[in-house]
Amino acid sequence: MTNLAIQANGLVKTFGNNRAVDGVDLKIPTGSICGVLGPNGAGKTTTINMLATLSKPDAGSAKIFGYDVMKETQKVRQLIGLTGQFASIDETLTAMENLMIFGRLHGYSRKDAKRKANELLEEFALTEAANKALSQFSGGMRRRLDLAASLLSNPPLIFLDEPTTGLDPRTRTQMWSTIRNLVKNGSTVMLTTQYLDEADQLADSIVVIDKGRVVANDTPDGLKKSVGETSLQITVKSADSVLDAAQIIERILKTKVQISESSELTAPMNNTNKLTDILTALKEVGITLTNVNLRQPTLDEVFFALTGNTEVKEEN
Ligand SMILES: Nc1ncnc2c1ncn2[C@@H]1O[C@H](COP(=O)(O)OP(=O)(O)O)[C@@H](O)[C@H]1O
Ligand SMILES: [Mg+2]
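Here is what the cut-offs are and how they apply
- Residues numbered from 1 in each chain as written.
- Chains lettered and ligands numbered in written order.
- Predicted model: local features only at pLDDT ≥ 70, side-chain atom pairs only at ≥ 80, totals over all residues.
- Heavy atoms only, no water.
- Helix = DSSP H or I, 4+ residues; strand = E, 2+ residues; numbered from the N terminus.
- Contact = heavy atoms within 4.5 Å.
- Areas by Shrake-Rupley, 256 points an atom, 1.4 Å probe, with all protein chains shown as cover.
- Lys, Arg positive; Asp, Glu negative; His and termini not counted.
- Charge placed at Lys NZ, Arg CZ, Asp CG, Glu CD.
- Near = heavy atom within 4 Å.
- Polar contact = N/O pair within 3.5 Å; in protein donor to acceptor, adjacent residues only side chain to side chain.
- Axes fitted to C-alpha atoms, helices over the stretch in contact; angles between N-to-C directions.
- Parallel < 35°, antiparallel > 145°, perpendicular 65-115°, else oblique.
- Core = buried A, V, L, I, M, F, W, Y, C linked by side-chain atoms within 4.5 Å.
- Buried < 20%, exposed > 50% of the residue type's maximum accessible area, 1.4 Å probe, protein only.
- Pairing = 2+ DSSP bridges.
- Domains from an automatic or database assignment.
- Salt bridge = Lys/Arg side-chain N within 4 Å of Asp/Glu carboxyl O.
- Right-handed = clockwise from strand over helix to strand, strands pointing away.

Asks: Looking at this structure, I do not really get the overall build of the protein chain. What am I missing?
Replies: A count of helices and strands for the protein chain gives eleven helices and 14 strands. Referenced to the eigenvectors of the C-alpha coordinate spread, the extents of the protein chain come out at roughly 80 × 45 × 35 Å. For the protein chain, the share of sequence-separated contacts (at least 6 apart) that also reach a separation of at least 24 residues comes to 67%. As presented, the protein chain carries roughly 15800 Å² of accessible surface, and 47% of it is formed by carbon and sulfur atoms. Each charge class in the protein chain can be summarised by its mean position, and for the 35 positive and 37 negative side chains these summaries are 6 Å apart.

Spelled out as structure tokens, the structure:
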């Protein structure tokens, strides 16, 4: 017996001399949403593919509800649903026809497949589009249908690989509520995302990966505490005073300050009340500012706060 939906130890996957996944450990409790956050190329999809038995780890091991992904592949496959970054669905058929095919593949009778398909179309607000060919579907509708298809077998663990990348804000919000409903019904969800706010909105725990390694594993609140909920941006008038200004901000916020090529200073900020202290201290030493801005930190800044590394994108 295990109450862990996912347990991974030292997972490694290399492509040539690229260690795409470089020793990933995971412990995801049953019934929770785990958000895997990381930039493009971090190794999110490769990790999911190994957990979902689509690709074999070069080293390490993983268990899904206690079943080994390499030794008990068939058992694991019965327990998971996987939604790809790209819908794996037939363009020329209607939404209903696609779902019927998936249902039949999962061993439902015609009647049961139809009932289940109708339920899912309703749940994903696709009832009106049920008889439209997929070629007429918008990106958001496709994503929802793809997700619906992966739920036909009622899998206890669902992998969602960037379910909202490229969706407009309204469709993203709809997708979020769909995902929350899945977990209400007892499923465990692992979803990958490039968006900090998405992981924050949905996840019980967030695993941050960068260059194939886990650089943080925390609750959304814990993560926000460590990287700052708000990001401070300051531009000084004279380029000569950039370093002095950075030092002053670092002293007050007790955190590293990032300096961009255009001499803009950025730092995570947990306590926005400190803004007054910073402005006063800069004024005292005669540093003039041309811009001050508070906003949500970007993924880049999260990585900087966690790794001290500004280069988050793999260039290759
Ligand atoms: N089939 C593959 N063959 C060669 N390299 C790959 C393959 N799949 C992924 N990679 C490389 O592995 C790294 C991680 O990729 P991926 O897991 O897709 O990242 P993410 O999903 O976080 O964007 C990248 O450098 C990518 O180019
Ligand atoms: Mg990916």
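Continuing now.
Asks: Would you explain the site of ligand 1 in this entry?
Replies: Neighbouring ligand 1 are the residues Phe15, Asn18, Ala20, Pro39, Asn40, Gly41, Ala42, Gly43, Lys44, Thr45 and Thr46. Asparagine 40 has a polar side-chain atom sitting 3.4 Å from an oxygen atom of ligand 1. Between an oxygen atom of ligand 1 and a main-chain N or O atom of glycine 41, the distance comes to 2.7 Å. Here ligand 1 has 560 Å² of accessible area as a free molecule, and 64% of this is covered by the chains.

Asks: Explain the packing of helix α5 (residues 139-150) against helix α6 (residues 169-184) here, please?
Replies: Any two packed helices are characterised by the angle at which their axes cross and by the distance between the axes. Where α5 meets α6, the axes come as close as 10 Å, and the angle between the chain directions of the two elements is 10°. Taken together, α5 and α6 sit at an angle that is classed as roughly parallel. When α5 is examined against α6, the residues Gly140, Arg143, Arg144 and Leu147 are found in contact with a partner set consisting of Thr171, Gln174, Met175, Thr178 and Leu182.

Asks: How should I be thinking about the nonpolar core in this particular structure?
Replies: It is characteristic of soluble globular proteins that their nonpolar side chains tend to be buried jointly. With 46 residues, the main nonpolar core has Leu37, Leu99, Leu121, Phe137, Leu145, Ile179 and Val189 as its most contacted residues. Counting 27 residues, the second-largest nonpolar core is a separate cluster that includes Ala5, Ile6, Ala62 and Leu157.

Asks: For this particular structure, what's the right way to read the side chain of threonine 47?
Replies: Counting through the fold element by element, threonine 47 comes out in helix α1 (residues 44-51). If we skip the residues at most four places from it in the chain, threonine 47 touches Val21, Val24, Leu26 and Ile209.

Asks: Help me out: how do you make sense of the pairing of strand β1 (residues 4-15) in this one?
Replies: Regular strands have side chains that alternate between both faces of the sheet. Pairing between β1 and strand β2 (residues 18-29): nine bridges, direction antiparallel. Bridged to phenylalanine 15 within β2 is asparagine 18. The hairpin formed by β1 and β2 contains two residues between the paired strands, and glycine 16 there has a positive phi angle of roughly 60°.

Asks: How do you make sense of the domain arrangement of the protein chain when you look at a structure like this?
Replies: Quite often, the size of an interface is put as the accessible area lost when its parts meet. Partitioning the protein chain into structural domains gives domain 1 (4-225) and domain 2 (229-295). The C-alpha centroid of domain 2 is placed 40 Å from the C-alpha centroid of domain 1.

Asks: Whenever I open this one, the sheet that holds strand β5 (residues 67-68) confuses me. Can you help?
Replies: Hydrogen bonds between backbone groups are what pair the strands of a sheet, and the pairing can be parallel or antiparallel. Taken together, the four strands give an open sheet; going across it, the order is β2-β1-β4-β5, and neighbouring strands pair in antiparallel fashion. Strands at the two margins of the open sheet, each flanked by one partner only, are β2 and β5. The pairing of strand β4 (residues 59-64) with β5 spans two bridges and is classified as antiparallel. Bridge pairing in β5 places isoleucine 64 opposite tyrosine 67.

Asks: Explain the pattern of salt bridges here, please?
Replies: Oppositely charged side chains may form a pair once their charged atoms are brought near each other. A complete count under the given rule lists nine salt bridges for this structure. Residues arginine 19 and aspartate 22 are paired through a salt bridge, measuring 2.7 Å at the closest nitrogen-oxygen approach. Here aspartate 22 falls in the buried class, since its relative accessible area comes to 15%. Here glutamate 198 makes a salt bridge to arginine 172, at a shortest N to O gap of 3.6 Å.

Asks: What is the right way to look at the pairing of strand β7 (residues 157-161) in this model?
Replies: Within β7, five of the five residues are buried, which leaves the element mostly enclosed by the surrounding structure. By the alternation rule, side chains of β7 split into Leu157, Phe159 and Asp161 and Ile158 and Leu160, which are all buried. Where strand β6 (residues 80-83) and β7 come together, four bridges link them in parallel fashion. Each residue of the ladder has a partner; that of glycine 81, found in β7, is isoleucine 158. Strand direction decides the pairing type here: β7 and strand β8 (residues 188-193), joined by five bridges, are parallel. When the bridges of β8 are listed, phenylalanine 159 appears paired with methionine 190. In this fold, the crossover linking β7 to β8 by way of α6 has right-handed handedness.

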